[in-house]
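What follows is each chain in one-letter form.
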Amino acid sequence: MRRDPFVQLQDVVVKRRAKAVLGPMNLELSGGGFTIVLGPNGAGKTTLLKVLHGVERVTSGSVTWSVSDKTAQQGQAYVFQSPVMLRRSVRANLAYPLQLLGVSKAEIAERVAHWGARIGLSAVLDFPAPHLSGGEQQKLALARALIRRPDTLFLDEPCANLDGRSTREIEDILCEATQAGARIIMTTHDLGQARRLADRVLFLNKGQVEEQAHADTFFIAPKSSGATAFLNGDIIE
Amino acid sequence: MSGIWAGMVEAFLLVWSLDADLIDITLRSLKVSLSALVIACAVALPLGTWLAIRRFRHRRFVIATLNALMGLPPVVVGLIVYLLLSRAGPFGVLDLLFTPTAMIIAQVIIITPLIASITHQAMRELWSEYHDLLISLNTTHGQRITTLIWDGRRTLMTAALAGFGRAIGEVGAIMIVGGNIDHVTRVLTTAIALETGKGDFALALGLGVVLIALSLCVNLTIHSLSRTEREGRW
Amino acid sequence: MIRAILFALICAGTAIQAETLRLAATTSFNNSGLSDALLPVIAQDIGLDVQLLVVGTGQALRLGQSGDVDAILVHSKEAELAFVEAGYASHRREIMYNDFVVIGPSDDPAQVMAATSAIEALLRIAAAQSTFVSRGDDSGTHRKELSLWAAAGSDRVEFTSWYREVGAGMGASLNSASAMKAYILADRASWLNFGNKGDLALLFSGDPVLFNQYAYLPVSAERHAHVKAQAAWNLEKWLVSPRAESIINGYEIGGEALFVFNARP
Ligand SMILES: Nc1ncnc2c1ncn2[C@@H]1O[C@H](COP(=O)(O)OP(=O)(O)OP(=O)(O)O)[C@@H](O)[C@H]1O
Ligand SMILES: [Mg+2]
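Residues numbered from 1 in each chain as written. Chains lettered and ligands numbered in written order. Predicted model: local features only at pLDDT ≥ 70, side-chain atom pairs only at ≥ 80, totals over all residues. Heavy atoms only, no water.

Which parts of the structure should I look at to understand the nonpolar core?
A general tendency of soluble globular proteins is for nonpolar side chains to be buried together. If you look at the biggest cluster of nonpolar residues, it comprises 111 residues, and the most contacted ones within it are Leu48 of chain A, Ile115 of chain B together with Ile72 of chain C. Ranked by the residues each element gives to this core, the list is headed by helix H5 (residues 100–136) of chain B, at 17 residues. Once residues within four sequence positions are removed from consideration, leucine 48 of chain A is found in contact with Leu9, Leu22, Met25, Leu27, Leu202 and Leu204 of chain A. Core analysis: the next-biggest nonpolar cluster, separate from the first, contains 50 residues, Ile36, Ala95, Ala141 and Phe230 of chain A among them. (Core = buried A, V, L, I, M, F, W, Y, C linked by side-chain atoms within 4.5 Å. Buried < 20%, exposed > 50% of the residue type's maximum accessible area, 1.4 Å probe, protein only. Helix = DSSP H or I, 4+ residues; strand = E, 2+ residues; numbered from the N terminus. Contact = heavy atoms within 4.5 Å.)

Right, dumping it as structure tokens:
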């Protein structure tokens, strides 16, 4: 059962050191599939995702989910821009979110084995996660987010620093998740990836939403000048 | 130099002969300091971790107090515990003065701030690393503390060993609250003080060597038990 | 959790439960080795495990005052009388005496060896301004030293740097004296048992003012209901018995007797 819009932002402002890094903004997000957040460095993409997820406090305004906060929180997972690895084995990293939920041992073992294989790390399940390569860590962080079967998944540049093959693997996993009903809100600097995946696009610049559109219209005929320049590959000030 | 040599020889003879008194004293040292360590850790590890992850009004003040307590001279701790446990003091009825328990209490007070403070330092670092993830996973405070303690156990062990080192080598406080009673509250350090007082430097130094060896053994044992030196499999 | 800890503490505390008695005694009693000779026999004879707290006379009296020990064995008559007077002990029982001796560097720069009385010995040290180590810890020995200076008519306030208060026990003070090649007043027992004599030697002894009377004071059960009065009484009876007499008089170090039993039964 899906209620749209699933989240609403009202007059949200996030200030850091007396400087507004996000907003003031009003925003409604709706629909399943991929919502891709685009924008130059420092536009506020990460901040927006964290505000939506509730890990970053807003200075003023409100974030309202269509379900209760608790339900919303439980159904969400987040993959950070720089992956956080618990100082444990790969296996323990995958198991951790499930242990928090009190999932049975047998079920944990099964899901861990499944996801370990899915991201190609079966052979190194007992290897310390912080010793994995950067790309492997990103995959592990993604698997650790998906292992909870979230209904909303926030991804902050999940494919940065990955080679083509790994990017493809991850996109496959993500598509599978959306087909299973999850909605994904994701930032990326890879326009090709945005084109491949996006259902809707949110274009951010200088802490403001400059454009919110369906993918088809956005990539073919962006309305805002900022987005036009961004898609052309111009450097926008 | 010859004095130190004599001490080494004495230590060797002591250990070689498996002197019953020496074993008794050594075991008591271990018992007292390990008990103190366990209790202190049970308090200090969660406390230090909690201080690292919680922001509250008087947090700075609590941390400053903790650091100040770390520098508290053991003799003062001993005196305070003595006054509290004395028959004339508030806890006199417990009849704990001049027992190993009193020594454990004093040592707990001495090492808890030390362990908590080191824990706090170490956990702050780990918490800044884990912060986003643990918040995102919607963990409770209890879960955060246990996760941090578990994943930071290597550094925490250093904190615990520092506490143990301070406890086992401490003499001022336990002399006052234990009374250095033969076969009851005499431990290695108070025995060393006693022998020094008698001018028997060789025996005192011999006991000192035993103390160092003991401390070393405990360190190595704990290290190998927790397999810190082994990398690879976690 | 706090409860569990408290529980564990109390259990650990009460674990040892034979018939025990806490006796605060002076350093000299223990350092002389006499306690090691007496305690096992006491345990054998009357089944009493005497836990010895070796402290200065001042602290021993304080322990008795607050009821932290069951009896005390000290040597400072005036303080003991005041202690009884104040009701902290029902009575005072003289047990034995040993004597104080003047120790100093063997070349004896102050010519203490030629003195005819203890007071003269001290005056010679003061006149020569030879380094002198004082216990300075309110122990029986320290009090004795102070009373001797007072009897000699010297005002300690006027002493210059040659007079050094170390604020330590007998052994530690002897260590200091040994290192400084200084004079010091010590009890004979501690001196004989002292292992770090170095260049020090016994220079003067034998003056009756140097006799050092030990007395036994059981802590008053009226003041402190928890003290083991019966055990303290048993110990007192033993200490004045002929058996104690023979051990005390027979205790020797290097062929020298140290204590003279003088208890009246
Ligand atoms: N704690 C903070 N203190 C000060 N400034 C901050 C803080 N957090 C974020 N900012 C600033 O807010 C702005 C937006 O940051 P944000 O991380 O959201 O950008 P982004 O769009 O994710 O950029 P990128 O593409 O580089 O990841 C940046 O200018 C950043 O410097
Ligand atoms: Mg970002």
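How should I be thinking about helix H10 (residues 229–239) of chain C in this particular structure?
Quick reminder: α-helices carry 3.6 residues per turn. Residues three or four places apart thus point the same way. Within H10 of chain C the residues assigned to the buried category are Ala231, Ala232, Leu235, Glu236, Trp238 and Leu239 of chain C. Buried residues of H10 of chain C fall within an arc of 160° about the axis and therefore sit on the same side. (Arc of directions from axis to C-beta.)

So what exactly am I meant to see when it comes to the coordination of the magnesium ion (ligand 2) here?
A four-donor tetrahedral metal ideally has 109.5 degree angles, and a six-donor octahedral metal ideally has angles of 90 or 180 degrees. Protein coordination of the magnesium ion (ligand 2) is provided by Thr46 of chain A (OG1) and Gln81 of chain A (OE1), with donor distances spanning 1.8 to 2.3 Å. Here threonine 46 of chain A is found in helix H1 (residues 45–53), whereas its partner glutamine 81 of chain A is found in the loop between strand E5 (76–79) and helix H3 (90–101), with 35 residues between them in sequence. (Donors = N, O, S within 2.8 Å, 3.2 Å for Na, K, Ca; no water.)

I keep staring at the environment of valine 79 of chain A and nothing clicks. Help me out?
By the element assignment, valine 79 of chain A lies in strand E5. Valine 79 of chain A has contacts with Ala141, Leu142, Ala145, Phe154, Leu155 and Asp156 of chain A, leaving out every residue within four places of it along the chain.

For this particular structure, what's the right way to read the confidence of the model for chain C?
Do not read the fine detail of predicted coordinates wherever pLDDT is low. For chain C, per-residue confidence averages 88 on the pLDDT scale, and residues scoring 70 or more make up 93% of the total. The ipTM value of the predicted complex is 0.87, and its pTM value is 0.82. (pLDDT = per-residue confidence, 0-100.)

What am I meant to see in the interface of chain B and chain C here?
Accessible area lost upon the coming together of the parts serves often as the stated size of an interface. The partner chain C presents 27 residues to the 26 residues of chain B that form the contact. Regarding the contact of chain B and chain C, the summed buried area is about 2,100 Å², with carbon and sulfur atoms giving 62% of it. Of all residues in chain B, the largest losses of buried area upon contact with chain C belong to Arg87, Phe98 and Lys198 of chain B, amounting jointly to 25% of the total for that side. Inspection of the region where chain B meets chain C yields 1 salt bridge. Where aspartate 95 of chain B meets arginine 22 of chain C, a salt bridge forms, and the shortest distance between an N and an O atom there is 3.6 Å. Inspection of the region where chain B meets chain C yields 5 residue pairs in polar contact (both at pLDDT 80 or more). Broken down by secondary-structure element, the contributors of at least two residues to the side of chain B that touches chain C are helix H2 (20–53), H5 and helix H9 (188–197) of chain B. (Buried area = accessible area lost by both parts, 1.4 Å probe. Salt bridge = Lys/Arg side-chain N within 4 Å of Asp/Glu carboxyl O. Polar contact = N/O pair within 3.5 Å; in protein donor to acceptor, adjacent residues only side chain to side chain.)

Would you mind going over the interface of chain B and chain A with me for this structure?
Opposite the 19 residues of chain B that make contact, chain A presents 23 residues. Connecting chain B to chain A are 3 salt bridges. Across the salt bridge formed by lysine 50 of chain A and aspartate 132 of chain B, the nearest N and O atoms sit 3.4 Å from each other. At the boundary of chain B with chain A, the tally comes to 6 residue pairs in polar contact (both at pLDDT 80 or more). At the level of elements, H5 and helix H6 (141–151) of chain B are the ones that each hand at least two residues to the side of chain B that touches chain A. Tallying contributions element by element places H5 of chain B first for the side of chain B that touches chain A, with 8 residues. In terms of residue class, the side of chain B that touches chain A is made up of 8 nonpolar, 6 polar and 5 charged. (Nonpolar A, V, L, I, M, F, W, Y, C, P; charged D, E, K, R; others polar.)

Teacher, can you tell me more about the pattern of salt bridges here?
Residues and elements named next belong to chain A. Counting across every chain of the model gives 23 salt bridges over all chains. A salt bridge links arginine 91 to aspartate 126; the shortest N-O distance between them is 3.2 Å. On the criterion of sequence distance, the pair formed by arginine 91 in helix H3 and aspartate 126 in the loop between helix H4 (105–118) and helix H5 (134–146) is long-range, its members being 35 residues apart. Exposure remark for arginine 91: the relative accessible area of 37% places this residue in the partly exposed category.

Is there a simple way to think about a nonpolar patch on the surface in this case?
All names here are of chain B. Residues Ile4, Trp5, Met8, Val9, Phe12, Leu13, Trp16 and Leu205 make up a contiguous nonpolar surface patch of roughly 890 Å² in combined accessible area. At 7 residues, helix H1 (residues 2–16) tops the list of elements feeding residues into the nonpolar patch. By the secondary structure assignment, leucine 13 is in helix H1. (Patch = residues over 30% accessible without salt bridge, like charges linked within 9 Å, V, L, I, M, F, W, Y side chains within 5 Å. Areas by Shrake-Rupley, 256 points an atom, 1.4 Å probe, with all protein chains shown as cover.)

I keep staring at unusual backbone geometry and nothing clicks. Help me out?
Trans peptide bonds make up most of the peptide bonds, and negative phi angles are found at most residues other than glycine. Residues and elements named next belong to chain A. If you check the backbone angles, aspartate 11 has positive phi at about 50° while not being a glycine. Within the secondary structure, aspartate 11 sits in strand E1 (residues 7–16). Phi is positive for lysine 206, close to 50°, though the residue is something other than glycine. Position of lysine 206 relative to the elements: it lies in the loop between strand E8 (200–205) and strand E9 (208–214). Residue classification places lysine 206 among the exposed positions, given a relative accessible area of 59%.

I keep staring at the site of ligand 1 and nothing clicks. Help me out?
Residues and elements named next belong to chain A. Around ligand 1, 15 residues are found, and the nearest of them are Gly42, Lys45, Thr46, Thr47 and Gln81. Glutamine 81 is positioned with one of its side-chain polar atoms (N or O) 2.9 Å from an oxygen atom of ligand 1. Histidine 189 has a polar side-chain atom sitting 2.9 Å from an oxygen atom of ligand 1. Coverage of ligand 1 by the protein chains reaches 66% of its 640 Å² of free accessible surface. Sorting the residues of the shell around ligand 1 by element identifies strand E2 (19–29) and H1 as the ones contributing at least two each. The biggest single contributor to the shell around ligand 1 is H1, with 3 residues. Each residue belonging to the shell around ligand 1 can be placed in one class, and the counts come to 3 nonpolar, 7 polar and 5 charged. (Near = heavy atom within 4 Å.)

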